[in-house]
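Here's the letter readout for the chains.
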Amino acid sequence: MPRKAPFNVIFASSEDEKFRASELDEHGPTVKGWQSHRYCQFPQEIIFRLHYPISLTQVQILAHQYLIPRKLELWLGPEEHEETEDVSDLNFGYIGYITLSDNKKSSYKSRELKSISVPDCKPTTYVKLMLESNHENAHNKYNQVSLVAVQLLGECKTGLKEPSPFDDLSFEMYVDKEVSNIIRQMEAKKEEAVKAERFRYAGKLKSAMVALREVGERLGRYEVSKQQAIANEDYSRANRKKEQMDLLRSEAYATLNINDLLEEEGIMTKNDAAGNEIFEASTPSEEADTPEVCPDNIPPPGVYQSPLSPLRYTSPPVRSTRSQATIVQPMRTGSLRKKKQPRTSYDQYDDRIIPAAQRSINEEKAVVVHSAALKMNEREKKQAALPISVFGISLVEKFYSRQYSDKEEGVRTLESVLRNGGLEGNKIARGAVFLLHRALRDKVFSVYSMAASAVEYFFNSFISSRVSVSEMSRSVEKILPELLSKSGDVTPRIHNTAVHTILSMAHAPELRKLNLIPVHITRPLTSSTHPRLALSRLEIAEQLILSIGISTDKNSGMTARVLAEFGASGLHHPAEAVRKVAERVLVLVYRVNPRMVRKQLPPDDDITRRNLLYRQLMREFDKIDLQMQEAKKDTPVQNNKKLMRSGSISEPQEKYADKMTMKCSTSCYSANRIPSPVSPPSSESRDKQCIFCFRTSDSFTEEGLNIHYWKYCPMLTRCTSCSEVVEIPSLNSHVESGCRKSGDRENSGETRCPFCRMLVDNTDAGWRKHLVDGRICSNHPRAAFIHRSTPPLPDSFE
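1. Description of the overall build of the chain
Consideration 1: Check the secondary structure of the chain and you find 28 helices and 14 strands.
Consideration 2: Counting contacts in the chain only where the partners sit at least 6 residues apart, residues at least 24 apart contribute 68% of the total.
Consideration 3: About 39,900 Å² of surface is accessible on the chain, with carbon and sulfur atoms providing 49% of the total.

Below is the structure:
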């Protein structure tokens, strides 16, 4: 007779990161199910491998409430149970197809359960489902399809017994796990009782199973509500649901005499005694606050039974199709009103446990609970196959334990293994990252804190010269999202630990070379980004600017352009705290590249300044511009010192202060690390002297110098793309990363003249010798004006 056939998913065309295909391996109220990738290609395929060959007789499909495929095809594979990595080698035969409702009638609030009978088929070990394109609706924004659960039933060669009503998918998905396990134990006991002709005992078991199913469904609804409350961070409601579940479970078990009925300690004569075989389990009142539509990862409390699910065939039929398939309706178990069995004070007195025996039982239970907490199930072992092969199952079991003390010991042991040295290779790193990622997600702060400390050691010390670049990148992509999520936690110590760990990773020598952390941190924010997460990322970026500085490397994630875009995205966030930090980031970038910051903002006019969002920011910019105007009157060396005193140059750029250059057409300055002219030889004519080429002239008034800078100075030129006046030694750098119109261009890395391409000594004297003296660059754009329009060099120039 057909029974439930266990299976595992071995292939899926695509899957969402949060809704993996492996979710179909399990059934239960909190199972999330499988979803295809966004904008996936159709058809989508899912292949199941059965644990043993069966003759498939029935397939049950629980569809999503709005991610619904239009059509679903059934294919069967060979009988041989072979381990193969390439599923394309399997030969599948087409059986038929079914169509699914678009679910408009239920307003996308319920899920459709399809129970399909399959024609007589040969035994098979592989089953394939092929899903066609989705039904379109307003909820399905990314054209995805989904299956919440799949059940396969059939006849096998192992001689399984009569079919069970508890193999139905509706029972699997909506009855509490613990209760369903007890019901299955009672079912086995009932079969044994019938064989032994203990019919009164069998009748009591049957009544208890019916009552337990009702309790299990109620517990399943409580579990759904609890999970949704946790997702909404409504922890008081989650705790209330937990208390209701504990009360309902304890009262039901006590009322139905579960321990006596299971006869775990041997046959009990009172189970064969005459008595009322119908029980009543008192249940606490349910709250009427279960929402109509649950999130995607939480099943709804009910399921819609489709009236018909015929399996249709194409003409001519493929493979064996001997009879027309029809729908098999799932079994419906009615609820009975049950009366409570009275228990007298004498019965309670006889059943009591003396104190000495109670202590012994408690001690035994503690040992059993601890050993059970360490034990990993088969799914967990498969999930942690890599770290088990690297570190051994005894260490990995500690990370999967339900006792926080075991987890703490596991983290300490793992860090000790990494510190002892002698371990090399990407496999070691991958196994360690897997375990640390799991520990970072733990809800106990001590475990999370110890895991964060181990992460710091891993990235700062362990990976040095032991792990490949690609594995470093993979490790960061695994750990960083979890830390960023923790950085948005409302608990200060969790937030602070996450931020400290991220900054420590950013300063790790190996990761700093690859610029992995800044690139992730400085991605633009959106208005939908959670305020705490947006605030954390901006604060981390601010600390990185102060500690690492603004770079000219376009791959660093810390260029003026990237930071300006990042700060501007935070400036438009609806949360005020986020906007305040975004303003501080923009001010730091403005001190280095004002043009790039203003490019991200509206024009600086009266209309813009009426907006409170920009008024204070524009005032800060005015202060910086005024400092630049005052510094422009001083010599380059004095100018740099004043900028450092005023804070216009951030600490990481202080060592380059003597190389800062003034852009003469605006009040801004550039932080290009190119040598600038030293102080002129004579301070008496300083006001009449060009600070770049050191020429002096009585015509060098404020207006005359501007004209000289704009048209004649041999050390300056205008960018052909954006028309901005820049120093010639910094022209290559300007074109590469600063020009707003030229785009990104390659730079050879050699110091060459941008006009004649000759190699130039990258010193002040080298550039002056090439650009200013008598052998001036022949391709200089200002060659025709230099000697005719400006006075000769002073004698002290050389």
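2. A few points about the side chain of Gln 44
Consideration 1: With respect to the helices and strands, the residue Gln 44 is situated in strand 4 (residues 44–63).
Consideration 2: For Gln 44, a relative accessible area of 3% gives the class buried.
Consideration 3: In this structure the side chain of Gln 44 is engaged in a polar contact, spanning 2.6 Å, whose partner is the backbone oxygen of Gln 41.
Consideration 4: When residues no more than four places from it in sequence are discounted, the contact partners of Gln 44 are Ser 13, Ser 14, Trp 34, Ser 36, Leu 129, Met 130, Leu 131 and Val 145.

3. Examining the pattern of salt bridges
Consideration 1: Under the defined criterion, the tally for this structure stands at 24 salt bridges.
Consideration 2: Close ionic contact of Arg 198 with Asp 272 constitutes a salt bridge, the shortest N to O distance being 3.0 Å. Separated by 74 residues along the polypeptide, Arg 198 in the loop between helix 2 (177–195) and helix 3 (199–231) and Asp 272 in the loop between helix 5 (258–262) and strand 10 (304–305) bring together distant segments of the chain.
Consideration 3: According to the relative accessible area criterion, Arg 198 is buried, its value standing at 14%.
Consideration 4: The residue Glu 471 makes a salt bridge to Arg 474 at a minimum N-O spacing of 3.0 Å. Linking Glu 471 with Arg 474, this pair stays in helix 14 (residues 469–487), spanning three residues, or about one helical turn.
Consideration 5: Look at Glu 471 and you get buried, because its relative accessible area is 2%.
Consideration 6: A single salt-bridge network, built from bridges that share partners, covers Arg 598, Asp 604, Arg 609, Asp 622 and Asp 625.

4. Let's talk about the pairing of strand 6 (residues 93–99)
Consideration 1: Most of strand 6 is tucked away: six of the seven residues are buried.
Consideration 2: Sheet topology note: the strand 5 (residues 71–76)/strand 6 ladder contains six bridges and is antiparallel. Among the inter-strand pairings, Trp 75 is bridged to a residue of strand 6, identified as Tyr 94.

5. Examining the packing of helix 15 (residues 492–506) against helix 18 (residues 531–547)
Consideration 1: The N-to-C vectors of helix 15 and helix 18 enclose an angle of 40°; their axes lie 11 Å apart at closest approach. Between helix 15 and helix 18, the angle falls in the class oblique. Between helix 15 and helix 18 the crossing geometry is right-handed. Only Ser 536, Glu 539, Ile 540, Gln 543 and Leu 544 of helix 18 make contact with helix 15, whose side of the interface consists of His 495, Val 499, Ile 502, Leu 503 and Ala 506.
Consideration 2: Its residues placed into classes, the contact of helix 15 with helix 18 shows six nonpolar, three polar and one charged.

6. Here's the deal with the confidence of the model for the chain
Consideration 1: Per-residue pLDDT for the chain has a mean of 76; in total, 73% of the residues score no lower than 70.
Consideration 2: Model confidence for the chain, summarised as mean pLDDT per element, is weakest for strand 12 (residues 669–670) at 32 and strongest for strand 3 (residues 34–35) at 94.
Consideration 3: Contacts of residues 278–298 to residues separated by more than four positions or lying in other chains number 68 contacts, the stretch itself having pLDDT below 50.
Consideration 4: Here residues 343–351 scores under 50 on pLDDT; set against residues more than four positions off or in separate chains, the count is five contacts.

Analysis parameters
Residues numbered from 1 in each chain as written. Predicted model: local features only at pLDDT ≥ 70, side-chain atom pairs only at ≥ 80, totals over all residues. Heavy atoms only, no water. Helix = DSSP H or I, 4+ residues; strand = E, 2+ residues; numbered from the N terminus. Contact = heavy atoms within 4.5 Å. Areas by Shrake-Rupley, 256 points an atom, 1.4 Å probe, with all protein chains shown as cover. Buried < 20%, exposed > 50% of the residue type's maximum accessible area, 1.4 Å probe, protein only. Polar contact = N/O pair within 3.5 Å; in protein donor to acceptor, adjacent residues only side chain to side chain. Salt bridge = Lys/Arg side-chain N within 4 Å of Asp/Glu carboxyl O. Pairing = 2+ DSSP bridges. Axes fitted to C-alpha atoms, helices over the stretch in contact; angles between N-to-C directions. Parallel < 35°, antiparallel > 145°, perpendicular 65-115°, else oblique. Left-handed = near helix turned anticlockwise from the far one by under 90°. Nonpolar A, V, L, I, M, F, W, Y, C, P; charged D, E, K, R; others polar. pLDDT = per-residue confidence, 0-100.

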